[in-house]
Amino acid sequence: MQNSRHQLTRLSNLYVLATIFLVWLLAVLFIFGYTPTNDGVGYLEYAEHCLNEGAPYPTRSIYQTEPFIWNIGIINLTELSLWLSGSLWPLLIVLCFMKAATCLLVGLTAERLFSHRIAVIAMLLFMLYPNNWGQSTMISSEIPSTCLALAAVYLVVSRGRSWRMMAVSGLLLGIANWFRPTALIFIIAIILYLLLFERQHVVKRLGCLLAAFGLFAVSVGTLCYLRTGHFVYQARSYWFSMVDECYDGAPVGPHWGQPIWPKGYPRYVENHKEMDCFQLEQIWKERSLDWLKDHKVEYLKKIPGRLYYMYLSDYDYLSAFLSDKSKAENNFITLPYRSLLSKASTMNLAQWLSLVCQLSYFCLLAAAIYSSCRLLRRRRYRQLFLPLFILIGGSLAIILVMHGETRFKDPFMPFLFMLAPAFLLYSSKKVR
């Protein structure tokens, strides 16, 4: 009885922290308002287009007029918000709840993997990290995708021996993939985790995971096929991005501000207006593969640089605190690193928060690396496997198939917060 009460008390602590964080996120949203972003404006335009057609995204007209199929889940969620209220506010409030749920899942997962004290510290770090404050003021595909994928991981580490919970985990990953196609990273991590550490009835449990994921994909794809004649269950923008990496002299860093149809580059298609997005996808795929056949080493040499750009900084979402954010194309922040002292008096709130966040980010990285090394020396492979594999394997997987932008590491950030305080696990005898 005492153990049960103690466990309930510990869980209530985590839920209280998540509630406090939710109140803070809602306060930020209502005080600073909606933040337009380039992606967010695109999602909104597609949602309005589909709403006018009276159909979910994607539609036949989208196939004919747009170069690729984008993140389906977030566009449809945006369309639902507009359909219900004519406003983005219901969507933004939902995103606040999902961001707070991510914070809670950080604590719940860390408690399962490490200890209650580590869980509380991880949640506090997540709550106090400035870049987590502004994301839910934007139309973000990352928030639902990361939240749902982390929920799937939590079910595996907490209820992984139940085939029913494995099925729920697979369903959550299917929905996460609908918002942003990164679920394969988590599926591979979970499969390896179960094969290495949870071998009892592993075939049945993995079967339930994959069957539920596949069932969601088939259901969504079939409904789309019946509406539009094409089986689409996730974003199909990969070759649009990939072809932009497959030519001599392609830069290693992110390609910001580049036109959709850049003449003189392999993405450009002369008669693109006469083609649908599937025909364009095939052309870009063929061009990319043709170049890669003779330039494998050149392509692989870009991976360290892409990893550098991906983990270089982490303050993308602090544009929420800009005083004028009416134009999405201007909603970015630059820090005057080389003249910080002389320009400190002219820095705005968003820049100061970004500077604090950048320093916090470097400390977070250092603490996570130190914790990982310390636990590896103690052979805590089971505890470390999922966080480290998703962090390292996931990062390498993303930069292998596209350029590295700082926001692309969003699905992996929760595991940094779990790992950062994990070295405290052995700082004293009583940690729970």
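This one's a predicted model, so the numbers in the text were calculated from it and none came from an experiment.

Conventions we followed
Numbers given to residues run from 1 along each chain, matching the order in which its sequence is written. Given that the model is predicted, a residue must reach a pLDDT of at least 70 before its local features are reported, and side-chain atom pairs must reach 80 or more before they are shown or counted; all residues, however, enter totals for whole chains, interfaces and linings. Hydrogens and water are ignored here; the side-chain numbers use all heavy atoms of the structure. A fitted line through C-alpha atoms serves as each axis, taken over the contacting stretch for helices, and the angle formed by two N-to-C directions is quoted from 0 to 180°. Counting from the N terminus, the helices are DSSP H or I runs at least four residues long and the strands are E runs at least two residues long. Throughout, the term roughly parallel applies to angles under 35 degrees, roughly antiparallel to angles over 145, roughly perpendicular to angles from 65 to 115, and oblique to all others. Left-handed describes a crossing whose near helix is turned anticlockwise from the far helix by less than a right angle; the clockwise case is right-handed. Residue contacts are counted whenever heavy atoms from the two residues lie within 4.5 Å of one another. Just so you know the grouping, Ala, Val, Leu, Ile, Met, Phe, Trp, Tyr, Cys and Pro go in nonpolar, Asp, Glu, Lys and Arg go in charged, and all remaining residues, Gly too, go in polar. Helix span, expected: 1.5 Å multiplied by one less than the number of residues in the helix. The buried label applies to any residue whose accessible area, calculated with a 1.4 Å probe on protein chains only, is under 20% of its type's maximum; exposed applies above 50%, and partly exposed to all values in between. Here, nonpolar core refers to any group of buried Ala, Val, Leu, Ile, Met, Phe, Trp, Tyr and Cys residues whose side-chain atoms link them within 4.5 Å. Under this definition, polar contacts are N or O atom pairs within 3.5 Å; protein pairs additionally need one hydrogen-donor-capable and one acceptor-capable atom, and for neighbouring residues in sequence, both atoms have to be side-chain atoms. Two distance rules govern patches: like charges are joined within 9 Å, and nonpolar side chains (Val, Leu, Ile, Met, Phe, Trp, Tyr) within 5 Å, applied only to residues with over 30% relative accessible area and no salt bridge. Here the Shrake-Rupley method, with its probe set to 1.4 Å, supplies the accessible areas, and only the displayed protein chains count as covering residues. Any Lys or Arg side-chain nitrogen located within 4 Å of an Asp or Glu carboxyl oxygen qualifies as a salt bridge. Under the pairing criterion, centres of Phe, Tyr and Trp rings, with the six-membered ring standing for Trp, must be within 6.5 Å; the plane angle then separates stacked pairs below 30 degrees from edge-to-face pairs above 60, leaving the rest tilted. Working rule: Lys NZ or Arg CZ, within 6 Å of ring centre, within 35 degrees of ring normal, means a charge sits over the ring. Only a pair of cysteine sulfur atoms within 2.5 Å counts as a disulfide in this structure description.

J.: Which residues make up the packing of helix α10 (residues 183–197) against helix α18 (residues 381–401), and what values go with them?
T.: The geometry of α10 relative to α18 is characterised by a closest axis approach of 10 Å and an angle of 150° between their N-to-C directions. Comparing their axes, α18 and α10 come out roughly antiparallel. By crossing handedness, the relation of α10 to α18 is classed as right-handed. Packed against α10, whose contacting residues are I185, F186, I188, A189, I190, L192, Y193, L196 and F197, the element α18 presents Y381, R382, F385, L386, F389, I390, G394, A397 and I398 at the interface. Its residues assigned to classes, the contact of α10 with α18 comprises 16 nonpolar, one polar and one charged.

J.: Which residues make up the packing of helix α8 (residues 142–159) against helix α9 (residues 163–179), and what values go with them?
T.: To describe two helices that pack against each other, one gives the angle between their axes and the distance between the axes. The N-to-C vectors of α8 and α9 enclose an angle of 165°; their axes lie 8 Å apart at closest approach. It follows from the interaxial angle that α8 and α9 lie roughly antiparallel. In this structure, α8 crosses over α9, and the sense of that crossing is left-handed. Counting all contacts with α8, which are made through P144, S145, L148, A149, A151, A152, L155, V156 and R159, the residues of α9 involved are M165, M166, V168, S169, L172, L173, I175, A176 and F179. Looking at the contact of α8 with α9 residue by residue, the class counts come to 15 nonpolar, two polar and one charged.

J.: I'd love a proper account of helix α5 (residues 89–113), names of residues and values included.
T.: With 25 residues, α5 ought to run about 36 Å at 1.5 Å a step, and its terminal C-alpha atoms sit 36 Å apart, in line with that. With 18 of 25 residues buried, α5 lies mostly within the body of the structure.

J.: Could you give an account of the nonpolar core, with specific residues and numbers?
T.: Counting residues in each nonpolar core, the largest one holds 140 residues, and the members touching the most others are Y57, F114 and L173. When residues in this core are grouped by element, the largest group, 13 residues, is from α5. Among all residues touching Y57, those that are not within four sequence positions of it are Y46, C50, I62, F68, I69, W70, I72, I75, N76, E79 and R227.

J.: If you had to explain the environment of F126 to someone new, which residues and values would you point to?
T.: Mapped onto the secondary structure, F126 falls in helix α6 (residues 116–128). Judged by its relative accessible area of 2%, F126 is buried. Residues F126 and S87, 39 residues apart in the sequence, show an inter-C-alpha distance of 29 Å. Among residues more than four places away in sequence, those in contact with F126 are F21, K99, T102, C103, V106, N132 and F417.

J.: Explain the side chain of S140 residue by residue, including any values.
T.: Relative to the elements of secondary structure, S140 occurs in the loop between α7 (131–134) and α8. Polar contacts involving the side chain of S140 include one to the side chain of E142, which spans 3.1 Å. Not counting residues up to four positions away in its chain, the partners in contact with S140 are I74, L95 and Q135.

J.: I'd love a proper account of a nonpolar patch on the surface, names of residues and values included.
T.: Together, L184, I188, L192, L195 and L196 make up a nonpolar patch on the protein surface, roughly 430 Å² of accessible area in all. For L196, a relative accessible area of 46% corresponds to the partly exposed category.

J.: Lay out the packing of aromatic side chains in plain terms, naming residues and giving numbers.
T.: Any pair of aromatic rings gets described here by the distance separating the centres and the angle formed by the planes. In this structure the tally under the stated criterion is 27 aromatic pairs. Through successive ring pairs, a cluster of aromatic residues spans Y43, Y46, Y57, F68, W70, F240, W261 and W284. Over the face of the ring belonging to F240 we find R267, whose NZ or CZ atom lies 3.8 Å from the ring centre. Stacked on the ring of Y311, the Lys or Arg K409 has its end atom at 5.7 Å from the ring centre.

J.: Summarise the pattern of salt bridges; cite the residues concerned and give the values.
T.: As enumerated under the stated definition, the model contains twelve salt bridges in all. Between E142 and R407 there is a salt bridge, and its shortest N-O distance comes to 2.8 Å. Pair noted here: E142 is in helix α8 and R407 is in the loop between α18 and α19 (413–419), with a separation of 265 residues, a long-range link. Like E142, the residue R407 is buried in the burial classification. The shortest N-O distance in the salt bridge between R267 and D244 comes to 3.5 Å. Here D244 lies in the loop between α12 (238–242) and α13 (277–294) and R267 lies in the loop between α12 and α13, a separation of 23 residues in the sequence. A relative accessible area of 7% means that R267 is categorised as buried.

J.: Break down unusual backbone geometry for me, citing the residues and quoting the values.
T.: That bond from Y57 to P58 is cis: its omega, 0°, falls within 30 degrees of zero. Its location among the elements puts P58 in the loop between α2 (38–53) and α3 (60–65). With a phi angle near 55°, H201 is a residue other than glycine that sits in the positive phi range. Here H201 shows up in the loop between α10 and α11 (202–228). Positioned with a positive phi, R379 is a non-glycine residue whose angle comes to about 60°. Mapped onto the elements of the fold, R379 is located in the loop between α17 (349–377) and α18.

J.: Residues and numbers for the state of the cysteines, please.
T.: Taken as a whole and assessed by the stated rule, the structure comprises zero disulfides. With no disulfide of its own, C277 lies closest to C224 among cysteine sulfurs, the gap being 9.9 Å. C277 gets classed as buried once you look at its relative accessible area, which sits at 3%.

J.: Talk me through the side chain of H403; I want residue IDs and the actual numbers.
T.: Within the element layout of this structure, H403 appears in the loop between α18 and α19. When its relative accessible area of 9% is taken as the criterion, H403 is described as buried. Among the polar contacts listed, one links the side chain of H403 to the side chain of E405, at a separation of 2.9 Å. When sequence neighbours within four positions are dropped, the list of residues in contact with H403 reads E245, V252, G253, P254, H255, R306 and F408.

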